Structure formats: structure tokens, C-alpha cells
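Listed here are the chains, written in short residue letters.
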Number of protein chains: 2
Amino acid sequence: MTPVIQGKVRRNDEDAIGCGDGNTYYRVVLTVPARTSPASAATSRDVAKAANVSQALVSRAFSGNGRIAPETRDRILKVAAEIGWRPNALAASMVTGDAPLVSVITTRLSFDWRAQVLSHLLKAFEAWHLQPLLFYAESDREVDRLLAETISWRTRGVVVTAGVVPEARAEAILSRGQFLAALNRPGNHPEAFSIATDNPIGGRQAATVLLGEGRGRFLALAGPEDSWASSRRVDGFVDGLGQAGHQPMVWHNATMTTEAGLACADRLLALPPNERPDGVFSTNDAIALGFIDGLRGSGMTIPQDLSIIGFDNLPASSWTPYQLTSFEQPLDAMVLGVLDHIHAHQQPEAAQPPSAPEAHRLGADGVIYCAPRLVLRQTTRGQL
Amino acid sequence: MTPVIQGKVRRNDEDAIGCGDGNTYYRVVLTVPARTSPASAATSRDVAKAANVSQALVSRAFSGNGRIAPETRDRILKVAAEIGWRPNALAASMVTGDAPLVSVITTRLSFDWRAQVLSHLLKAFEAWHLQPLLFYAESDREVDRLLAETISWRTRGVVVTAGVVPEARAEAILSRGQFLAALNRPGNHPEAFSIATDNPIGGRQAATVLLGEGRGRFLALAGPEDSWASSRRVDGFVDGLGQAGHQPMVWHNATMTTEAGLACADRLLALPPNERPDGVFSTNDAIALGFIDGLRGSGMTIPQDLSIIGFDNLPASSWTPYQLTSFEQPLDAMVLGVLDHIHAHQQPEAAQPPSAPEAHRLGADGVIYCAPRLVLRQTTRGQL
DNA sequence: ATGAAAGCGCTAACAT
DNA sequence: ATGTTAGCGCTTTCAT
């Protein structure tokens, strides 16, 4: 079949746009005629009629619940396929009071860890026949509103990967029997599930590495002060250094981007050489990568003059010009943990220990902390 | 409120895991008691009872359809908020035969263009109060199956950002009145909406730039042969060079990753110096970035010995060590186009010209092509 | 301005 | 093994 546009194309010559590429573009309006028959959606009743059975049998043919003769089943399935009918999951959820739907709160998928999180989550949901309904928060302030909108869809629960969960909202969600799973942030409720990278440990390990190199002036490149993960990483770093009698400078950044990293490099270079830190821990890789770029051409060399450790282990961190020592977040373990929780929520009787194979500890705040994995590269010279 | 875990923590000492970080991790099993009341979900009837009105009024209070006294409305809204009730969108869709749901087919969100696409789409949906239901395809082979699963949810239509849409499937979707929007791929049906980057134009422009520099030996770093976008970019490149009497080598790669780019660099370096291409067009930035890294330390300098142009304009392409000349895909225009189509689909009578401000042309294949934007950086020395 | 009642497309309990 | 029936929680006529 050759796809042929059968609509009318309206081309306004006054809308011609030259692009300097030797081509002329037009604003084009394509009008495709609507289908003659608005396709009144088929129902199980239509299938039943066509297969000469009762409507209930159609339901049974697809669900597998209740008795049905195999040959009847096959006939129904064949007829349904011809008509192009599948059970309406929305209608089914009316009756059963449950749809295999999960709400997911996410935010801008920039060049960072978030896209990876979402990707892993989506893959896991697909594997478990859970349908993710996405709620996009442009800023953290919108998260609570989205959490509220979530309830219109009567999903099994909500996975939060952005912003903070207000206590009252957590209670509201849990009290209607939904699960609440917070990824890399506190759940703010005793019954919420929360799993996160062990940020303080990462910070402490970073301190250990830098101290082991004999560094003496330390700097933490942090995110916003209200960023939970970043703050915890700094806490651990401060802690680890403190035990050795050191204390780092902490530079906060409004955004955790490469641009912020470049600015931090400028700030460092503005210091008198003898006051410049030589042991830097960045609470994410994006800042660290920008920082490294900002130091290029300044005469400062890594790791001779300065060591730097990042967090996230982005793909770019292993690229030739960076070779950034970093922490890999235990993404698989965390996603596994979330799915374990969802299953346990669905079948409380069959509750089994979480299958996450990674090491983890339970914090006093109810958060399950999974250890990050240190990936040593060329921006440090130490061994653990 | 201090979050206090009230469940029992079971700690198996035999599961102790040392991590070499001075901490000991345990596999921890946390048992939180189930809520005493399984929270039988509230319904509009509960709200009605509490507000001393009929159930129908509750519906009117929220929908705004039908007459209702303002004070009654306020009372109902207040009561509903106390109870924590919101209209069940699934139930509503039963009656109205329509839910503000959109299916989105996506795939692995790796370090590439896809995360950006999804991010923009999600943001647009949020702005238009459309709820995206995500379908994740680990490989292109799964796309058709997901397309079929899509129909269980009676969404308004489906946006495809991965894989190919079989003609029969397109027809099945469209025949039930759903829209079908393909992003950066053909819709394979006259009534499907398809919008894509003008890949051939990009390829041709790349040729123009490289020819303008006086390059004489050309190479295209391509993706798999069945990649629609990559192939069209190569087509344009071959075309543009052909008009000047040149012909490039074309190296196909199974994956369009930095790793593939590194391998291509090795392949180039294995050629005798006088046979090496000096004008390279990569059909995506990831390959180009890997290629640049692969050339480091080889003695070949960019853009003296060799120019390279990528496609996608990834964030990393503007980083100091790369400064890659590239094409920015007209993402905003494409997403806008998709949303225009969805609106037109919903209200055919109010059909209005697409609001995408970018230049675009209508291909003979029914695809709306939006011009990419050339971003000149340091891996080329030419001017357009 | 409000209420009563029908019914969306299904599943599940019950009857045959 | 199959059919009949009663809803699920809403929106929407239609009455009052």
C-alpha cells in the first residue's frame, strides 16, 4: 500500500520562509478528511454477538477466570481479533476496583541521573505488567498538586522521583490504601516506602579517598541547600573530614549543572593559588564535569594539583577528556526495592524479604539506604 | 510529627555484608503492620451524604456542567476536600466514553535525544491536562505488541517515539477513532500524523559545509541500515556531495553510541594516512563524540586534518573538549505539531493551522518535515 | 436549583 | 459449559 495523502494541502505563498539553505519552506496546512464512520467502539457484546455466545463468555475467554470450553475460547479469541477488540481495562477496573496502574511523579529529564531512573522504572513496570501513568512536575513546587491529581486515577500507588512529599499528602495517599514509594528522598511517613542511595557513606568515602592522597584543603561543590541528596552527601563528606580534623569549604549552587560547575571553577581560580583547595568532592557529576572543563587552560592539572570526585557516574564521566572518579548509584537495587514493595503491597500475605541483592541498611528515618559503588578513575590518584 | 518506624526490623546477622568502608551492612527486612481499615475508597455518594445533597450534585459541583447554587457548590467542595475525595476519572470515562489519556510508546532513555523528546512531550501533556500512559519497548520488535496493548486503555490516541508502526496496526488504531502520531518516523498511513526533523536537508547542509571547506574525502558515520532517521541523513549527505561530484564512504554501526564512535576512529586510523577521509558527517552526536575521543592522541587534529559534523546537538556537544558542530533538532516545533494534531483530532470542527512557528515542508510521504538548525562550532572551520 | 434514574463496558456471583 | 444478573462510580438526561 502506497501511503497517499488524500487531504488538501493549503500553501500560503506569503508564508514562504527562506532558510538560507537553498530551500524554501512554507507553512503548510494539511486537511485530512475525517473518517466517514466515527468508529463506534466495539464492545464485548459485539464480539459475543459475532461469536454467538453470551457476553460473559467473552469476558471469560480473555480473563481465564471461570469455566469455558477451549474451542469456544478459541472461537471467541479469533472473532475478537478480527473485530480488533480487547477488554476495556478502564471498565474492568470499575468492577474489580483495581487497575494495574501506577502513578509516577517525575520532572525534567535533563542531562543527569533522572532519565536513567525513569528508564529503569519503566522497564521494570513493563516486565511486571504495570502501566505507568506519568505526572510531570516542571518545578518541585508542583509536586504536591500532582500528588493530589494522582488520586483521580485510582492507581495502585505512586512512585515519587522528584520533589518532596508533604506529610499530610503522604497520609492522604496511604489512608486510601495506595502505596507510596519515594526514590532517593524520604517518604515522610512511617508507612511510606523510601529507598535511597547511601549518600552520607558516599560523602565519607570521598573524604577517605582524598585524605588518603594526602590532600589538605577541601571543597564540596553542592547543589541547593534544600536538596536532600546533595546535603546528605556533603554531610558525609564533612563528617569524614572532621574525623581527621579537617573541614571543607562548601559552595552551594542553585542548579546542579555543568554551567554551575564552570562557575565554580572560575571561583576557585579567583582564589590566591596558596588558598586553593586540592581535594574537591562534587555532589553530582554534572557539576564536576563543568568544573573540570572550567579548569582547562588554567594551568591547574588534575590530579596533580587537585583531585576531584563526582557522584552519579554519568556516561560522560568515563569519556576520555574527563575520566572522573565517581559514585555509581545502586539504581537496579533501588528499582527492585520499589517493585518488591509494590508486590508486597498488593499481596501482603505473600510478603517476602526484599530481593535487592545489594548491601543496604535501614536508617532511623525509615529510609532504606543502598551503598553506592566507588568508581576510581584518573581525577584521583588514591586507592581506597 | 517525627517519623517513627513502628514495624519490626528483622536483622539477620548471617547476612552481614562488609563493604570495606568501615560499615557493616545487613539485609534488612522491615515489616510494617497493614492499616487496620483497608480504607474502602470514598465515592461521590459518601460526599453527597456528608454534604446532604444528591449524588448528582456532587458531580455537578466538580464538573461545572449543569446548574448548581454557588453556595451548594462550595459546601460540597469543602466536604469533598475533608474526605479527600476527587472524581474517579476511570468511572467518568465510562460514562463520557472518553478519558484525557494519551498512550506514549518509548524506549530506553539512554544518553541521547530520546530523553529530551520524552521530557518535552510530558511537559506539553501536563500543560494541556493530558495524562500520558507510558509503554516501554526494550527493543523495536516489541513496539507492535505494545501498540496492540495500547487499545485496552481506550486512550485518545498514541504517540510513537520508538520503532516502526506497521501499516495494519496504524489502520487498526485509526479505525477505532484514535489518533496516531509518529515522532521522527513515518506514520505509514495516510491518516496518521507524522512529524520529523528534515533529515535529508541536514545531510545536504553538512555536505555543503564540508565542501565549502574544500574537503575532498568524505565519510558518513551512520547507524543501523534500518534506522529511518540515520538513513535519511546519509541520503541527504550523499546527495549533496553527489552534486559536487563526490561520494562518501558510509560506515554503518549497530548502535549509535560513543562506543561505536570510538570503534570508527580506530577504523579510520587503520587506514593509510593518504586514504583517510577529511570530511566526516556523523548521523548522531553520540557517535561523533566517541569518534573525537578516539582520535585524541593519534596526532590527527580537528579541524585541521579533519572536520566533523554531528546531529542532535547534545548538551555534551558544546562542552570544552568537543565543541562539535551539530544540528539541533526542532524539538519544540515537533512536539507542538503533535499537540496541535491531538487538539484537531479532538475538535475537528475547530481545526486551525498548526501553530508551529518553525519552517516546515510536507513530504510526498505525508511526513511534515521541520528544518534542523545548524550550530557551528570548532570541529568545522567553514561558514555556511 | 435539585433529585431520580438510566446506563457506560465490563467482571463475578449465581442460576441453569 | 454457558447464560443471566447485579452492580462498579460516575455523568447526564429528564423530572420536579
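Structure's up top.
A few points on the structure. (Residues numbered from 1 in each chain as written. Chains lettered and ligands numbered in written order. Predicted model: local features only at pLDDT ≥ 70, side-chain atom pairs only at ≥ 80, totals over all residues. Heavy atoms only, no water.)

Here we look at the overall build of chain A
Logical step 1: Helix and strand counts for chain A come out as 12 helices and 17 strands.
Logical step 2: A burial count over chain A gives 53% of its 384 residues as buried. (Helix = DSSP H or I, 4+ residues; strand = E, 2+ residues; numbered from the N terminus. Buried < 20%, exposed > 50% of the residue type's maximum accessible area, 1.4 Å probe, protein only.)

Quick notes on the protein's contact with DNA strand D
Logical step 1: Arg-60 of chain A together with Ser-44, Gln-55, Ser-59 and Trp-85 of chain B are the nearest of the 27 residues found near DNA strand D.
Logical step 2: In the interface set of DNA strand D, defined as its atoms within 4 Å of the protein, sugar plus phosphate atoms amount to 56%.
Logical step 3: At 2.6 Å from a phosphate oxygen of DNA strand D is found a side-chain nitrogen or oxygen belonging to Trp-85 of chain B.
Logical step 4: When contributions to the surface near DNA strand D are tallied by element, the ones reaching two or more residues are helix H2 (55-63) and helix H4 (89-96) of chain A together with helix H1 (44-51), helix H2 (55-63) and helix H4 (89-96) of chain B.
Logical step 5: The leading source of residues in the surface near DNA strand D is H4 of chain B, at 5 residues.
Logical step 6: Here the surface near DNA strand D is composed, by residue class, of 13 nonpolar, 9 polar and 5 charged. (Near = heavy atom within 4 Å. Polar contact = N/O pair within 3.5 Å; in protein donor to acceptor, adjacent residues only side chain to side chain. Nonpolar A, V, L, I, M, F, W, Y, C, P; charged D, E, K, R; others polar.)

Observations concerning the packing of H2 of chain B against helix H3 (residues 70-83) of chain B
All names here are of chain B.
Logical step 1: H3 packs onto H2 with a crossing angle of 95 degrees between their chain directions and a minimal axis gap of 9 Å. In terms of orientation, H2 lies roughly perpendicular with respect to H3. Residues Leu-57, Val-58, Ala-61 and Phe-62 of H2 pack against Thr-72, Arg-73, Ile-76, Leu-77 and Ala-80 of H3.
Logical step 2: Residue composition of the contact of H2 with H3, by class: 7 nonpolar, 1 polar and 1 charged. (Axes fitted to C-alpha atoms, helices over the stretch in contact; angles between N-to-C directions. Parallel < 35°, antiparallel > 145°, perpendicular 65-115°, else oblique. Contact = heavy atoms within 4.5 Å.)

Some details on the protein's contact with DNA strand C
Logical step 1: Near DNA strand C there are 27 residues, and of these Ser-44, Gln-55, Ser-59 and Trp-85 of chain A together with Arg-60 of chain B occur at the shortest range.
Logical step 2: Expressed as a percentage, the sugar and phosphate content of the atoms of DNA strand C within 4 Å of the protein is 58%.
Logical step 3: Note that a phosphate oxygen of DNA strand C is positioned 2.8 Å from one of the backbone N or O atoms of Ala-69 of chain B.
Logical step 4: Between a phosphate oxygen of DNA strand C and a side-chain N or O atom of Arg-154 of chain B, the distance comes to 3.4 Å.
Logical step 5: It is H4 of chain A that contributes the most residues to the surface near DNA strand C, 5 residues altogether.
Logical step 6: Residue composition of the surface near DNA strand C, grouped by class: 13 nonpolar, 9 polar and 5 charged.

Brief notes about the packing of aromatic side chains
Logical step 1: This structure, assessed with the given rule, holds 17 aromatic pairs over all chains.
Logical step 2: Residues Phe-218 of chain A and Phe-237 of chain A carry aromatic rings whose centres are separated by 6.4 Å and whose planes lie at 80 degrees to one another, so their mutual orientation is edge-to-face. Taken together, the positions of Phe-218 of chain A in strand E10 (residues 218-222) and Phe-237 of chain A in helix H9 (residues 228-242) put the pair 19 residues apart, joining distant regions of the chain.
Logical step 3: With a relative accessible area of 3%, Phe-218 of chain A lands in the buried category.
Logical step 4: Between the aromatic rings of Tyr-322 of chain A and Trp-319 of chain B, the centroid separation amounts to 5.8 Å while the plane-to-plane angle is 85 degrees, which identifies the pairing as edge-to-face. Taken together, the positions of Tyr-322 of chain A in the loop between strand E13 (307-309) and strand E14 (326-328) and Trp-319 of chain B in the loop between strand E13 (307-309) and strand E14 (326-328) put the pair across two chains. For the pair Tyr-322 of chain A and Trp-319 of chain B, one class covers both residues: buried. (Phe/Tyr/Trp six-rings, centres within 6.5 Å; stacked < 30°, edge-to-face > 60°.)

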